[in-house]
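# Examining the three-dimensional arrangement
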Amino acid sequence: PGSRRCSDANGIVQARPSAAMAALRNLCGSCLGSLGGTAADRPQILMLGLDESGKSTLLYRLKLGKEWPAQDLKSEMKDMRTPETSLKTKDYGFDVEEMVMLKGCFIWDVPGTDAIRHIWPTFYRSIRFHAVIFVVDGSPDAKEERLALARRHLHYLLNEDELRKSCFAVIINQ
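This structure is a prediction, so every number in the text was calculated from the model and none was measured.

What follows is about the overall build of the protein chain. Along the protein chain, the regular secondary structure elements total six helices and seven strands. The N-to-C order of helical and strand elements in the protein chain reads β-β-α-β-α-α-β-β-α-α-β-α-β. Split into buried and exposed, the 174 residues of the protein chain put 37% on the buried side. Sequence-distant contacts in the protein chain: of pairs separated by 6 or more residues, those separated by 24 or more amount to 64%. For the protein chain, the computed accessible surface area is about 10,700 Å², with 54% contributed by carbon and sulfur atoms.

Right under this line is the structure:
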C-alpha cells in the first residue's frame, strides 16, 4: 500500500497509471535534455505499436491528463475510431500533438495496422525523432502471437540506424 512501483518475477517495473505517466514524463524530460527553440527544433517523439495497443488513448491521456474522465475515455475513443463510411479501416490516419508539459515536444501517433506498419520507416527516415514510445497490449486477452509480433517489431526498431540515438520507452498497456 502506498508503494507506487513493484517488480514482477522478470524484474519488469510496473506502476499505477498516474505513476506511469509521471515516469514517462521524467524519461522524456531526461532524454530530451535542454532541447527547445523554434518549432522546427522542438523534440519529436514517435509512438508506435500494433493496432489496438492503446497508442491513441495514451497520447490523449498524456495531452489531457485528468481532464478526460476515465468513464468517458473508452466510449469516446471507440467513437473516434468508428469510420463514418462502410470502410473496414480501424486506424485511418496518424495524430500529431504538441505536449507543452514535455518541453513543447511533438508526439507522433502512427497506426500499427498491417497496412501501415510497412511504412513506419518513412516517418523516422524523414524526421529526426529523439525518443520512441512503443506500446504493447499486455491485457489478459492479448494473444501470444500478437506479443511475439510486437517483440519482433520492437527488435527491428531498436536496430534501425536512424533510431540508434533515440531513447526508447516500452509501455505495456493493461
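Here we take up the pattern of salt bridges. Counting across every chain of the model gives six salt bridges. In this structure, aspartate 161 and arginine 164 form a salt bridge, with 3.1 Å as the shortest nitrogen-oxygen distance. Exposure class is identical for aspartate 161 and arginine 164. Each is exposed. By sharing partners, the salt bridges in this structure join Asp51, Asp114, Arg117 and Arg146 into a single network.

Rules behind the numbers
- Residues numbered from 1 in each chain as written.
- Predicted model: local features only at pLDDT ≥ 70, side-chain atom pairs only at ≥ 80, totals over all residues.
- Heavy atoms only, no water.
- Helix = DSSP H or I, 4+ residues; strand = E, 2+ residues; numbered from the N terminus.
- Buried < 20%, exposed > 50% of the residue type's maximum accessible area, 1.4 Å probe, protein only.
- Contact = heavy atoms within 4.5 Å.
- Areas by Shrake-Rupley, 256 points an atom, 1.4 Å probe, with all protein chains shown as cover.
- Salt bridge = Lys/Arg side-chain N within 4 Å of Asp/Glu carboxyl O.

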